[in-house]
Amino acid sequence: MALLQIAEPGQSTVPHEHRLAAGIDLGTTNSLIASVKSGLAETLYDDENRDILPSVVSYQANEILVGYQAKEFSISDPENTIVSAKRLIGRSQADIEKKYPNLPYQFVGNKNHPDIQTRQGPINPVQVSSEILKSLTKRAEKSLGGELTGVVITVPAYFDDAQRQSTKDAAKLAGVEVLRLLNEPTAAAVAYGLDSNQEGVIAVYDLGGGTFDISILRLNKGVFEVLATGGDSALGGDDFDLLIVEHIVEKAGLTRPLSINLERQLLQQACFAKEQLSNQNSVSINLALAENNNVTIEINKETFNTLAKPLVSKTLRACKRAIKDAGVTIDEVLEVVMVGGSTRVPLVRSEVEKYFKRTPLTSIDPDKVVAIGAAIQADILAGNKPDSDILLLDVIPLSLGIETMGGLVEKIIPRNTTIPVAKAQEFTTFKDGQTAMAIHVLQGERELVEDCRSLARFELRGIPAMTAGAAHIRVTFKVDADGLLEVTAMEKSSKVAAHIEVKPAFGLDDTQITQMLKDSMSNAEQDMQARMLKEQQVEAKRVLESVQAALAADGGLLTEQERNDISNALFQLVEIAQNSDQNPTAIKDIETAIEHVDKLTANFAELRMDASIRQALSGQKVDEI
Amino acid sequence: MNYFDLFSLPHSFELDLAQLSAAFQTLQKTAHPDKFAHASSQEQMLAVQKSATINDAYQTLKNPLKRAEYMLQQRGTDMPSEQASFQDTMFLMRQMELHEMLEELPHADDIDGAVNEANEVLDSEYQTLFCQLQQLIQDNNQASDKIACEIVRKLKFYQKLQLELERIEEQLFDD
């Protein structure tokens with residue numbers, strides 16, 4: 001570890017250091033990584049000059065393949081080659097089987113977060129995603145020539161808590177620091193630089209391969225506020241292909257079932273036809289039904305448009321709902337941003353233009369626009385643009401609540417609430433002498449428990465026996481800036497408390513993640529120790545930088561004694577962090593030293609935060625308050 | 001900290017929404033966790049807390065009914081719970097009539113006209129109550145605050161009716 005430096009009290013600290021950061025579009029079909037290089041955000045390429053990495057991971061006997069190499073096995077070895085892991089991440093087996101009944105995988109293990117049986121043993125979708133993240137960050141570090149400070153990973157606006165948490169877990173497993181999970185549509189708006197000199201409402205229309213998202217954002221003085229999100233998680237460009245397939249099947253007089261080979265041929269031809277029809281008025285499809293039995297079918301643009309129209313209309317209905325949820329009118333929409341390869345379809349563009357009454361933005365490659373926006377945001381979050389005025393305020397996409405009597409859901413945080421947020425509500429007991437309460441956390445808009453998504457269950461025990469309705473149980477929901485939920489429950493008179501990070505229900509718990517980390521390392525115990533030590537050293541460095549900057553700026557808020565105590569604690573921390581290589585208890589020691597600094601600076605930090613909030617509105621300097 | 005003070009606004013029911021929104025954004029630019037993405041865990045946690053408070057304060061003040069409820073609470077008036085029984089039978093009768101009016105909408109001869117009329121009726125009754133609420137909150141004494149609480153509850157009934165009407169409209173006019 002490089003030597004840590006401590007500045008004179010009152011002096012400004014570290015000279016500005018450019019930190020390497022990247023934005024990752026972790027897609028269902030393809031993934032991309034981008035970074036800001038000399039002021040410009042661009043996607044990063046691999047050795048073979050490709051920026052797209054297919055989101056495919058193949059588990060071969062002695063190696064794990066990622067991307068194009070893995071994709072080659074997707075047909076010959078489908079059981080061991082995982083495609084579209086994004087559809088599986090953070091979902092239960094029942095969920096997956098209901099939505100995607102024809103997957104070639106064999107699910108094993110916990111039904112709430114199933115693994116896929118491969119020849120390398122059971123593999124969780126979180127691990128699959130982490131392989132993709134590893135491959136992308138390795139590429140970035142090579143291309144940028146240094147270690148990444150952190151990344152911004154984009155997720156669909158519709159991703160629920162378990163899916164977001166699992167995405168973060170994948171990053172943890174890959175050893176990547178997540179600066180922020182960012183909604184894909186928000187990233188797209190950032191990519192178009194809509195923050196500069198504009199005020200108004202922006203709609204982001206994102207039609208990918210398998211999903212549709214619409215987001216309504218308000219932009220005001222550099223602040224992006226997500227007013228509403230909507231969409232359909234089972235509608236995308238692939239559905240256009242399927243419609244063309246059905247059309248060909250009908251035209252060619254084929255009857256199902258068809259051979260797998262023919263089905264694949266049909267799908268390929270359909271996709272080809274769709275792409276061709278973006279630029280020409282008609283296309284011929286040749287199908288080899290059997291030896292010496294070829295069929296040619298003509299599809300023109302008009303036919304395709306007739307087929308596709310109902311799907312496009314379905315997306316526009318979702319737009320209408322989102323506009324209404326956002327409490328705005330169509331006329332207020334200033335710009336429409338197009339995202340996703342399927343927005344290349346001319347019918348999509350023209351219908352969107354007709355509905356929103358303005359020409360949508362299409363100048364940035366719709367496949368790359370999300371990664372580019374994420375890179376811009378990563379650059380800002382890493383601290384490379386201290387004067388940046390952008391602030392992204394996100395909302396939760398689905399309401400959060402708990403189960404009450406009769407299988408009903410009481411909403412505690414309604415959807416589209418700006419995050420971070422903390423909300424509490426009181427509940428009471430149902431029976432005399434009731435001493436425990438089951439708390440069932442749910443996500444969704446419907447009133448019945450069975451129609452909502454179950455996120456977690458936990459129990460509050462040790463409630464003092466009282467008559468029914470006398471106990472006051474306060475349930476608090478906290479959602480952080482990444483959209484991750486934490487729930488606590490407390491009986492008010494006795495202060496009996498229970499707490500859960502909403503995680504184990506559909507995601508993996510920390511022990512499982514640690515175990516996976518160990519499994520992925522050749523010298524498990526040793527590598528694990530080295531990694532944990534590194535993490536503590538990084539945190540030590542952050543604490544040091546933060547506190548020094550704070551002392552330099554507002555040291556005047558403290559007494560001399562307090563300043564001395566804090567300085568001493570910092571020196572101690574630096575000493576321990578620097579001499580950690582030979583110290584067998586270094587991890588614990590650094591942790592203790594950080595806790596010591598935290599304790600000494602807790603009041604100071606709060607004082608500074610409150611002061612800066614007050615001065616933000618008054619324009620005064622902190623010292624003057 | 002009082003939400004009005006947090007945004008440096010006068011403690012008044014009449015609010016300049018543009019000023020509120022500007023203050024909100026300025027505060028979030030100071031306290032949002034994104035501004036602390038590279039800071040220590042301690043500062044990050046603090047930022048999440050502050051940012052959540054600012055969000056809550058903004059949502060509370062932005063919405064007139066929530067603002068009224070908040071002001072009444074701050075003055076020490078207790079909001080009766082949603083389940084508490086209503087004394088005003090006239091009001092309840094009227095609510096039942098309005099419910100029936102909405103239920104009849106799909107069977108009207110001129111659906112468009114009936115929906116417009118329903119919208120107008122709900123709007124105008126809401127506005128009448130809302131004007132009373134404004135005055136009562138301004139009066140600012142124990143008696144007026146108590147009546148104001150009742151009116152907030154009544155207005156919530158109207159909000160539910162409006163939502164119901166929107167739902168019916170969607171069903172009728174969506175293909």
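Just so we're clear, the structure is a prediction, and the values are computed from it rather than from any experiment.

Reading the values: the criteria
Residues numbered from 1 in each chain as written. Chains lettered and ligands numbered in written order. Predicted model: local features only at pLDDT ≥ 70, side-chain atom pairs only at ≥ 80, totals over all residues. Heavy atoms only, no water. Buried < 20%, exposed > 50% of the residue type's maximum accessible area, 1.4 Å probe, protein only. Helix = DSSP H or I, 4+ residues; strand = E, 2+ residues; numbered from the N terminus. Pairing = 2+ DSSP bridges. Arc of directions from axis to C-beta. Contact = heavy atoms within 4.5 Å. Buried area = accessible area lost by both parts, 1.4 Å probe. Salt bridge = Lys/Arg side-chain N within 4 Å of Asp/Glu carboxyl O. Polar contact = N/O pair within 3.5 Å; in protein donor to acceptor, adjacent residues only side chain to side chain. Nonpolar A, V, L, I, M, F, W, Y, C, P; charged D, E, K, R; others polar. Axes fitted to C-alpha atoms, helices over the stretch in contact; angles between N-to-C directions. Parallel < 35°, antiparallel > 145°, perpendicular 65-115°, else oblique. Core = buried A, V, L, I, M, F, W, Y, C linked by side-chain atoms within 4.5 Å. Domains from an automatic or database assignment.

Student: Please give an account of the pairing of strand S26 (residues 485–491) of chain A that cites residues and values.
Tutor: Residues and elements named next belong to chain A. Only one face of S26 is buried, namely the one carrying Leu-485, Val-487, Ala-489 and Glu-491, since none of Glu-486, Thr-488 and Met-490 on the opposite face is buried. As defined by bridge partners, strand S25 (residues 473–479) adjoins S26 across 7 bridges and the pair is classed as antiparallel. Each bridged residue has a counterpart across the sheet, and for Thr-476 the counterpart in S26 is Thr-488. Taking the residues between adjacent antiparallel strands as the criterion, S25 and S26 are bridged by 5 residues, where Gly-483 takes a positive phi near 85°.

Student: I'd love a proper account of helix H9 (residues 346–356) of chain A, names of residues and values included.
Tutor: Residue and element names in this part refer to chain A. Among all positions in H9, only Leu-347, Val-348, Glu-351, Val-352 and Phe-356 are buried. The buried residues of H9 occupy one face: seen down the axis, they fall within an arc of 140°. At its buried positions, H9 is contacted by strand S13 (200–207), strand S14 (212–220), helix H6 (237–251), helix H8 (301–325) and strand S18 (333–339). Lys-357 lies just past H9 and shows a positive phi near 60°.

Student: Give me the lowdown on the pairing of S14 of chain A, citing residues and values where you can.
Tutor: Consecutive side chains of a regular strand alternate in pointing toward one face of the sheet and then the other. Residues and elements named next belong to chain A. Across the 9 residues that make up S14, a large majority, 8, are buried. Note that S13 and S14 share 8 bridges and pair antiparallel. Within the sheet, the bridge partner assigned to Asp-206 lies in S14 and is Asp-213. The turn linking S13 back onto S14 is made up of 4 residues.

Student: I'd love a proper account of the interface of chain B and chain A, names of residues and values included.
Tutor: Taken together, the contact pairs 42 residues of chain B with 44 residues of chain A. Carbon and sulfur atoms supply 55% of the area that chain B and chain A bury against each other, a total of about 3600 Å² over both sides. Among the residues chain B hides against chain A, the three largest losses belong to Asp-34, His-38 and Gln-42 of chain B. Together they make up 19% of the total. Close ionic contact of Lys-50 of chain B with Asp-610 of chain A constitutes a salt bridge, the shortest N to O distance being 2.8 Å. Taken together, chain B and chain A are joined by 12 residue pairs in polar contact (both at pLDDT 80 or more). Counting residues per element, the ones that place at least two in the side of chain B that touches chain A are helix H2 (17–31), helix H3 (41–62) and helix H7 (142–173) of chain B. In terms of residues, the side of chain B that touches chain A owes the most to one element, H3 of chain B, which gives 15 residues. Here the residues of the side of chain B that touches chain A sort into 17 nonpolar, 15 polar and 10 charged.

Student: Explain the pattern of salt bridges residue by residue, including any values.
Tutor: Residues and elements named next belong to chain A. Taken as a whole, this structure holds 38 salt bridges over all chains when the rule is applied. We note a salt bridge from Lys-142 to Asp-47, for which the minimum N-O separation is 3.1 Å. In this pair, Lys-142 is assigned in helix H3 (residues 125–144) and Asp-47 in the loop between strand S3 (40–43) and strand S4 (53–54), connecting sequence segments 95 residues apart. Relative accessible area serves as the criterion here: at 68%, Asp-47 is assigned to the exposed category. Notably, a salt bridge pairs Arg-446 with Asp-451, separated by 3.4 Å at the nearest N-O pair.

Student: Can you explain the packing of H2 of chain B against H3 of chain B? Please cite residues and give values.
Tutor: Residues and elements named next belong to chain B. H3 packs onto H2 with a crossing angle of 175° between their chain directions and a minimal axis gap of 10 Å. As far as their axial angle goes, H3 and H2 are roughly antiparallel. Packed against H2, whose contacting residues are Leu-17, Leu-20, Ser-21, Phe-24, Leu-27, Gln-28 and Ala-31, the element H3 presents Ala-47, Lys-50, Ser-51, Ile-54, Asn-55, Tyr-58, Leu-61 and Lys-62 at the interface. Residues of the contact of H2 with H3, tallied by class, amount to 9 nonpolar, 4 polar and 2 charged.

Student: Requested: an account of the sheet that holds strand S20 (residues 400–404) of chain A, with residues and values cited.
Tutor: Residue and element names in this part refer to chain A. Taken in spatial order, the 4 strands line up as S21-S20-S23-S24 in an open sheet, and their pairing is antiparallel. Edge positions in the sheet fall to strand S21 (408–413) and strand S24 (453–461), since each has one partner strand and no second. On average, each strand axis in the sheet is inclined to that of its neighbour by 30°, with strand direction left out of account. In terms of strand pairing, strand S23 (residues 436–443) meets S24 through 8 bridges, oriented antiparallel.

Student: Just give me the short version of the side chain of Asp-145 of chain B, but keep the residues and values in it.
Tutor: When you line up the elements, Asp-145 of chain B lands in helix H7. Not counting the four nearest positions on each side in its chain, Asp-145 of chain B is found in contact with Leu-72, Arg-75, Thr-77, Leu-136 and Asn-140 of chain B.

Student: How would you sum up the nonpolar core? Please name residues and give values.
Tutor: One finds Phe-7, Ile-54, Leu-61, Leu-105, Leu-133, Leu-155 and Tyr-158 of chain B to be the most contacted residues of the largest nonpolar core, which totals 55 residues. Counting residues per element, this core draws most heavily on helix H6 (residues 111–139) of chain B, which supplies 10 residues. Two domains each donate at least three residues to this core, and these are domain 1 (3–62) and domain 2 (89–174) of chain B. Beyond its immediate chain neighbours, meaning those up to four positions away, Ile-54 of chain B contacts Ile-613 of chain A together with Leu-6, Phe-7, Phe-24, Leu-27, Gln-28 and Ala-31 of chain B.

Student: Break down the sheet that holds strand S5 (residues 56–59) of chain A for me, with residues and values.
Tutor: Residue and element names in this part refer to chain A. One open sheet accounts for 3 strands, arranged S6-S5-S7; its pairing is antiparallel. Two strands lie at the open edges of the sheet, namely strand S6 (64–66) and strand S7 (81–83), each paired on one side alone. Along the sheet, successive strands turn relative to each other by an average axial angle of 15°, direction set aside. Here 3 bridges tie S5 to S6, and the two strands are oriented antiparallel to one another. The residue bridging Val-57 from the neighbouring strand is Val-66, located in S6.

Just distances and angles here, no functional claims.
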